[in-house]
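Below are the chains, spelled out letter by letter.
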Amino acid sequence: MRNQDLLNRSLAAVWHPCTQMKQHESLPLIPIARGQGAWLEDFDGNRYLDAVSSWWVNLFGHSNPRINAALKDQLERLEHVILAGFTHQPVVELSERLARLTGLGHAFYGSDGASATEIALKMSFHFWRNTGKPLKTNFISLQNSYHGETVGALSVTDVALFKDTYAPLLRQSVQVPSPDARLAAPGESDAAFAQRCAESLEQYLAQHHEETAALILEPLIQGAAGMGMYHPSYLQQARSLCDRYNVHLIADEIAVGFGRTGTMFACEQAGIRPDFICLSKGITGGYLPLSAVLTTDTVYAAFYDDRVARGFLHSHSYTGNALACRAALATLDIFEEDNVLEKNRETAAQLTTALEPVRMHPLVRNFRHKGMIWAFEVDTHDPQFAVKFYQSALTLGLLLRPIGNTVYLMPPYILGEEEISILANTTLALLNGIKPSST
Ligand SMILES: *Cc1c(COP(=O)(O)O)cnc(C)c1O
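So, here's what we can say about the structure. (Residues numbered from 1 in each chain as written. Predicted model: local features only at pLDDT ≥ 70, side-chain atom pairs only at ≥ 80, totals over all residues. Heavy atoms only, no water.)

### With respect to the nonpolar core
- Grouped together as the largest cluster of nonpolar side chains are 104 residues, with contacts concentrated most on Leu 94, Leu 98, Leu 201, Leu 217, Tyr 234, Phe 258 and Leu 400.
- A per-element tally of this core places helix H11 (residues 322–337) first, with 10 residues.
- Summarising the domain contributions, this core has at least three residues from each of domain 1 (3–60 + 341–433) and domain 2 (67–338).
- Once residues within four sequence positions are removed from consideration, Leu 400 is found in contact with Ala 51, Val 52, Phe 389, Tyr 390, Ala 393, Val 407, Tyr 408, Leu 409, Thr 427 and Leu 430.
- Core analysis: the next-biggest nonpolar cluster, separate from the first, contains 22 residues, Phe 108, Ala 116, Met 123 and Phe 312 among them. (Core = buried A, V, L, I, M, F, W, Y, C linked by side-chain atoms within 4.5 Å. Buried < 20%, exposed > 50% of the residue type's maximum accessible area, 1.4 Å probe, protein only. Helix = DSSP H or I, 4+ residues; strand = E, 2+ residues; numbered from the N terminus. Domains from an automatic or database assignment. Contact = heavy atoms within 4.5 Å.)

Right, here's the structure in full:
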């Protein structure tokens, strides 16, 4: 009853993201009344296991008591203050801690992932301009990359469905071959394929480095491309090529940061440090919109000058919001106090074992796993596969949103044993429910 009421009012008043609204004539919205741990609950008492961490943001569950307590405390002190000309404790402490974790510094804040991408692109371009290389105005990204959907971020994104319509608005950028292991030649190892892609990058840079400002990439996993995973050696190669050709390396760790790939940041697995790191999504544990870009002392120094216009004159109204920074601090506290990366290794091993029948399922291709992400393709030609799978999953109490034929699990880090079996068993039941006629 209340579900239905809220659903109808939402359809009348809210324009939902990444949605053809007409599809909701047949696909019901799910009004959510409350969240607890890994579970979402609607007004009729139906529960859904949030196996996509509410679009990759939630790390430690909904209504987490520790993040709640930190926010309540912050609420009594300071909710927000202009960050130009002013500062506050949560933003200072967060910047110091992110610097220690990333090996970069000078944290610049935005509110969403896409704004972090914009900030990094603009900073890179402006750095070259400030240092006497104004011709370096172009950006390179990987084929099938995703860096957000504002106009600048969309320019370096390579997902046709999101990009093609807006092509006339976008700046040209160049896509180099993606080392996504699914694209390797038959029999070619991940490492050999990564090497081959790095050679293409080198060929491009050798010719075009003078007009290239930066290479932006998603380290280790291209999320929106359908969790395309690649060998870390590509990152090492990209780092040394960027050094050799005087091009910035921007690591978009918006999705993979904060423990998703098994290390705090994905770049650590390649032992490299980028020139810019973009962070968002998990940064506040999925509580509040916040993003950050950290960079090197070299980049920072090129803006530090008596002339105002050489500074980075970029801002968002909510830059460094105190509540969001406090949620991020509480999130980092949980990482430290609970030894989360270590504990995730156990959780991941358990879920991987529980998913063995899924890996062996006759319709499953390319089963892969890294850190707290699992993904596979389903062998079907049904163009409606993703939406059908999503709907069937909901009827079984599971929130999964396939990308095309790719089913992925990206759960919060707090899954217990029972939730691990529910997640694995329901995924298997969904695969068993796919009708042969629709493959
Ligand atoms: C989600 C995402 C973004 C964009 O973040 P928004 O907060 O949705 O703007 C950028 N890059 C990557 C890799 C992402 O996964």
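### A look at the packing of aromatic side chains
- Within this structure, the stated rule accounts for 13 aromatic pairs.
- A centroid spacing of 5.9 Å and a plane angle of 40° characterise the contact between Tyr 300 and Tyr 304, whose relative ring orientation is tilted.
- Judged by relative accessible area, which is 39%, Tyr 300 ranks as partly exposed.
- An angle of 75° between the planes, with centres 6.3 Å apart, marks the rings of Phe 335 and Tyr 413 as edge-to-face. Of this pair, Phe 335 sits in helix H11 while Tyr 413 sits in the loop between strand S16 (406–409) and helix H15 (417–432); the two residues are 78 residues apart in sequence, bridging distant segments of the chain. Take Phe 335 and Tyr 413: they sit in the same class, and that class is buried.
- Among the aromatic residues, those joined into a cluster by ring pairs are Phe 60, Phe 335 and Tyr 413. (Phe/Tyr/Trp six-rings, centres within 6.5 Å; stacked < 30°, edge-to-face > 60°.)

### A few points about the site of the ligand
- Contacts to the ligand come from Trp 56, Asp 112, Gly 113, Ala 114, Tyr 146, His 147, Gly 148, Glu 218, Asp 252, Ile 254, Ala 255 and Lys 281.
- Measuring from an oxygen atom of the ligand, one finds a backbone N or O atom of Gly 113 at 2.8 Å.
- Here Tyr 146 contributes a backbone N or O atom positioned 3.4 Å from a nitrogen atom of the ligand.
- Here the ligand loses 83% of its free accessible area of 380 Å² to cover by the protein chains.
- Of the residues assigned to the shell around the ligand, the class counts are 5 nonpolar, 3 polar and 4 charged. (Near = heavy atom within 4 Å. Polar contact = N/O pair within 3.5 Å; in protein donor to acceptor, adjacent residues only side chain to side chain. Areas by Shrake-Rupley, 256 points an atom, 1.4 Å probe, with all protein chains shown as cover. Nonpolar A, V, L, I, M, F, W, Y, C, P; charged D, E, K, R; others polar.)

### Focus: the pattern of salt bridges
- Under the definition given, this model contains 23 salt bridges.
- Note that Arg 34 and Glu 41 form a salt bridge whose closest N and O atoms lie 3.2 Å from each other.
- We classify Arg 34 as partly exposed; its relative accessible area is 48%.
- Judged by its relative accessible area of 21%, Glu 41 is partly exposed.
- In this structure, Arg 182 engages Asp 180 in a salt bridge whose closest nitrogen and oxygen atoms are separated by 2.7 Å.
- Of the residues examined, Arg 182 reaches a relative accessible area of 27% and is grouped as partly exposed. (Salt bridge = Lys/Arg side-chain N within 4 Å of Asp/Glu carboxyl O.)

### Considering the packing of helix H3 (residues 65–77) against H11
- Put simply, H3 and H11 touch, their axes get as near as 9 Å, and they point 145° apart. Judged by the sense of rotation from one axis to the other, the crossing of H3 with H11 is right-handed. Here Arg 66, Ile 67, Ala 70, Leu 71, Asp 73, Gln 74, Leu 75 and Arg 77 of H3 come into contact with H11, specifically with Ala 322, Leu 323, Arg 326, Ala 327, Ala 330, Thr 331, Ile 334 and Glu 337.
- In terms of residue class, the contact of H3 with H11 is made up of 9 nonpolar, 2 polar and 5 charged. (Axes fitted to C-alpha atoms, helices over the stretch in contact; angles between N-to-C directions. Left-handed = near helix turned anticlockwise from the far one by under 90°.)

### Description of the sheet that holds S16
- Spatial ordering of the open sheet is given by S13-S14-S16, a layout of 3 strands whose pairing is antiparallel. In this open sheet, the two edge strands, each paired with only one partner strand, are strand S13 (364–370) and S16. On average, adjacent strands in this sheet sit at an angle of 15° to one another, irrespective of strand direction.
- Relative to strand S14 (residues 373–378), S13 runs antiparallel, the two being bridged by 5 bridges. In the sheet register, Arg 368 faces S14, and the bridge partner there is Ala 375.
- Along the sheet, H15 makes contact with S13, S14 and S16, crossing S14 at roughly 10°. (Pairing = 2+ DSSP bridges.)

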